[in-house]
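Observations on chain architecture
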Amino acid sequence: TCLLKSSGRNLLISLNRQFSVSSSNNANKVAVMGASGGIGQPLSLLLKQSPLVDHLSLYDIQHTKGVGADLSHIETKAKVQAFVGQEQLHDSLAGANVVVIPAGVPRKPGMTRDDLFNVNATIVADIATAIAKVCPEALVCIISNPVNSTVPIASEIMKKHGVFSPRRILGVTTLDIVRANTFVAELKGLDVTKTSVPVVGGHSGNTIVPLLSQVSPTVQFTQEELEALTKRIQNAGTEVVEAKAGAGSATLSMAYAGARFAFSLLEALNGKQGVVECGYVAAEGLETSYFATPLLFGRQGVEKSLGVGKITDFEQKLIQVAVKELKANIEKGVKFVNEVY
Ligand code: NAD
Ligand code: LMR
């Protein structure tokens, strides 16, 4: 069995045909856009393994037929369909209630996530346009970077088609939480499966704000530890980019994080109560129009933001820095859609 952590609890995914987790009668169809990529392939494998997924649709501009044939032999219930090339984009989305988007180019050493904007903005906008036309009610989980801008881009596209809902467009920041949990548990000798660190703000450098005062279980940090941990969590993506030395960015840990996020959404869609994950969504009453916070999921996606809670002066200062950068990232995404679409 493979143990995946989901919304603070453990979701057992059995490789046996007798599944240990029951799913409801609702048929869940998950479409993975960019399914042949470094993230797309292991993410599709994890989704194929899950009893929460009835149909798995794989879309990419290349190689999906092979990935699909391969995955389709796995003895789990999800029916696999593979679509390749622009002309099959719409078909790949038919009937999907959850769409996960890891399509786009990854960073190389020396690049920021914003350096990916020129290529990935168009990729996400085109996929969002297709979603708006084919499955406008689907919950859209955006992994493609720069997430701080691609979420506003997808949202603006939905608005242009009159189908926007802040419940449905979600930026996946789960990898920041996964990393924070790992680093904090390592440092403090905690059971990582029971360690939970909220991370708010956005998903790039200074916009990633771990709330180390809210770690569960309660732990104390020195100021030096707080600063070092915060820096490591903010730079963890770059740590992987440098270690991969030109061969891309995090793929396996991102596939894990993307699956954790999708499973939490699917559990909530199936009626499970109290499912919470952090995510980057359109925000109201905050200093920026998009912000990542812990979110309560429900049958229609985001039920409500749980906000940042009680934070320390140190965290408040980090948020102030994050807000400035987020505003620029958001504006860039909105401007792109207004000028090009
Ligand atoms: P990759 O290059 O290995 O895979 C990307 C895939 O997207 C490729 O298979 C490519 O063919 C496909 N693609 C390109 N254009 C497409 C289009 N128009 N439609 C459909 N598919 C298309 O890259 P990767 O390592 O899988 O990373 C993908 C993206 O995820 C990058 O932008 C990366 O920065 C981002 N990422 C985000 C997080 C996060 O925490 N949110 C973490 C890691 C990576
Ligand atoms: C990550 O955090 O690993 C991703 O956003 C990929 C990257 O470019 O760092």
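Residues numbered from 1 in each chain as written. Chains lettered and ligands numbered in written order. Predicted model: local features only at pLDDT ≥ 70, side-chain atom pairs only at ≥ 80, totals over all residues.

The interhelical angle for the contact between helix α6 (residues 174–188) and helix α8 (residues 252–269), taken along N-to-C directions, is 110°, at an axis separation of 8 Å. Classed by the angle they form, the pair α6 and α8 counts as roughly perpendicular. The two elements α6 and α8 meet at a crossing, and its hand is right-handed. Two secondary-structure elements touch here, α6 through Thr174, Leu175 and Val178 and α8 through Ser253, Met254, Tyr256, Ala257, Gly258, Arg260 and Phe261. Within the contact of α6 with α8, the residues separate by chemical class into six nonpolar, three polar and one charged. (Axes fitted to C-alpha atoms, helices over the stretch in contact; angles between N-to-C directions. Helix = DSSP H or I, 4+ residues; strand = E, 2+ residues; numbered from the N terminus. Parallel < 35°, antiparallel > 145°, perpendicular 65-115°, else oblique. Left-handed = near helix turned anticlockwise from the far one by under 90°. Contact = placed C-beta atoms within 7 Å. Nonpolar A, V, L, I, M, F, W, Y, C, P; charged D, E, K, R; others polar.)

To continue, consider the site of ligand 1. Residues in contact with ligand 1 amount to 32 residues; listed here are only the nearest, Gly34, Gly37, Gly38, Ala103 and Asn145. For the shell around ligand 1, the secondary structure elements donating two or more residues are β4 (55–60) and α4 (117–134). Split into classes, the residues belonging to the shell around ligand 1 amount to 16 nonpolar, 14 polar and two charged. (Near = placed C-beta within 6 Å.)

With that settled, consider the site of ligand 2. Close to ligand 2 lie Pro106, Arg107, Arg113, Asn145, Leu175, His203, Gly237, Thr238, Val240, Val241, Ser249 and Ala250, which account for all nearby residues. For the shell around ligand 2, the leading source of residues is helix α7 (residues 223–244), giving four residues. Of the residues contributing to the shell around ligand 2, the split by class is five nonpolar, five polar and two charged.

Moving on, we get to the UniProt feature "active site" (unreviewed entry) in the protein. The feature "active site" (unreviewed entry), as annotated in UniProt, sits at His203 in this numbering. A tally of 28 C-beta atoms within 10 Å means that histidine 203 is categorised as buried. With sequence-adjacent residues up to four places away left out, histidine 203 is seen in contact with Val147, Asn148, Gly171, Thr173, Asp176, Ile208 and Tyr280. (UniProt positions renumbered as here; feature names shortened; annotations may be inferred. Buried ≥ 20, exposed ≤ 12 C-beta atoms within 10 Å, placed from the backbone.)

Here we come to unusual backbone geometry. Going from asparagine 145 to proline 146, the amide bond is cis rather than trans, its omega being -5°. Inspection of the secondary structure assignment puts proline 146 in the loop between β7 (139–142) and α5 (147–160). In the segment running from serine 216 into proline 217, the intervening peptide bond is cis, with an omega of 0°. With respect to the secondary-structure elements, proline 217 resides in the loop between β10 (208–210) and α7. Unusually for a residue other than glycine, histidine 63 sits at a positive phi of about 65°. Secondary-structure assignment places histidine 63 in the loop between β4 and α2 (64–72). The partly exposed category is assigned to histidine 63, around which 16 C-beta atoms lie within 10 Å. A positive phi angle is found at alanine 245, which is not glycine, with a value near 50°. The topology assignment puts alanine 245 in the loop between α7 and α8.

What follows deals with the nonpolar core. Counting 104 residues, the largest nonpolar core has Val98, Val99, Ile101, Val140, Cys141, Ile142 and Ala262 as its most contacted members. Looking at which element gives the most residues to this core, the answer is α8, with twelve residues. In contact with isoleucine 101, not counting residues within four places along its chain, are Met33, Gly34, Val124, Ile127, Val140, Cys141, Ile142, Ile143 and Ser144. (Core = buried A, V, L, I, M, F, W, Y, C linked by C-beta atoms within 7 Å.)

A few words on the pairing of strand β13 (residues 301–305). In this structure, strand β12 (residues 290–298) lies alongside β13, joined through four bridges in antiparallel fashion. Its bridge partner lying in β13, leucine 295 is registered against serine 305. Between the end of β12 and the start of β13, which pair antiparallel, lie two residues. (Pairing = 2+ DSSP bridges.)

Attention now moves to the pairing of strand β11 (residues 275–282). Residues in a regular strand point their side chains to alternate faces of the sheet. The element β11 is largely enclosed, with a buried count of seven among its eight residues. Sheet topology note: the β11/β12 ladder contains eight bridges and is antiparallel. Paired with alanine 282 across the strands is tyrosine 290, a residue of β12.

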